[in-house]
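# Understanding the architecture of this molecule
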Amino acid sequence: HEHLHHQLDAAIASGGKTGERAREVAAVLESHFEQEEAYAMPPLGLLEPLAWNKPVDDATVRQAIEMAERLRDEYANMLREHEVLTAALHRLASAAREENKPEHAAFAEALIMHAQNEEQVLYPATLVIGEYLKLMQQPH
């Protein structure tokens with residue numbers, strides 16, 4: 001997420017309506033990113049070893065299951081934050097286009113696509129990983 005922060009900082013620094021709208025995005029984004037980095041995204045690092053049936057240590061498995069369960073608990077809230085964020089990003093893109101700042105409009109539009117990817121692929125993948133790991137722990 002660090003590269004997104006840099007692009008957002010540049011949009012804020014550009015001033016005008018674009019800067020104002022970018023500050024609105026930043027207000028929503030910071031805590032949302034913290035949540036994603038705390039529990040929504042880390043289990044995704046297990047996709048490759050799981051896909052190739054490579055061993056994963058017990059502590060990592062327990063931690064990934066806990067993170068996936070936390071995401072499940074917070075799922076509705078995360079989606080609500082995406083709605084607020086997407087609305088703010090649309091306002092940023094519009095302001096950037098009005099002020100002829102195409103790089104900031106493109107950033108906002110890319111971040112909207114990023115949020116959709118999280119909703120449709122990444123968050124569900126984290127949930128599936130958690131369920132898969134729970135199933136693998138059950139005696140056969």
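Up top you'll find the structure we're talking about.
The shown structure was predicted, so the numbers you read here are calculated from the model rather than taken from an experiment.

### Details of the pattern of salt bridges
Across all of its chains, the model carries nine salt bridges by this definition. Among the ionic pairs, lysine 134 bridges to glutamate 69, the shortest N-O distance being 3.3 Å. In this pair, lysine 134 is assigned in helix 5 (residues 102–137) and glutamate 69 in helix 4 (residues 58–98), connecting sequence segments 65 residues apart. The exposure class of lysine 134 is partly exposed, given its relative accessible area of 27%. With its nearest N and O atoms 2.5 Å apart, the salt bridge here joins arginine 97 to glutamate 109. With a gap of 12 residues between them, arginine 97 in helix 4 and glutamate 109 in helix 5 connect regions that are remote in the sequence. Under the relative-accessibility criterion, arginine 97 is labelled partly exposed at 49%. On the accessibility criterion, glutamate 109 (38% relative accessible area) is partly exposed. Bridged by salt links that share partners, the residues Glu20, Arg21, Glu24 and Arg91 form one connected network.

The rules we used
Every chain is numbered on its own, with residues counted from 1 as its sequence reads. Local features in a predicted model are, by the rule used here, given only for residues with pLDDT of at least 70; side-chain atom pairs are given and counted only at 80 or more, and totals for whole chains, interfaces and linings are based on all residues. To get the side-chain values, all heavy atoms of the structure are used, and hydrogens and water are removed first. A pair is scored as a salt bridge if a Lys or Arg side-chain nitrogen falls within 4 Å of a carboxyl oxygen belonging to Asp or Glu. Only DSSP runs of H or I with at least four residues qualify as helices, and only runs of E with at least two residues qualify as strands; both kinds are numbered from the N terminus onward. Using a 1.4 Å probe on the protein chains alone, a residue whose accessible area is under 20% of its type maximum counts as buried, one over 50% counts as exposed, and one in between counts as partly exposed.

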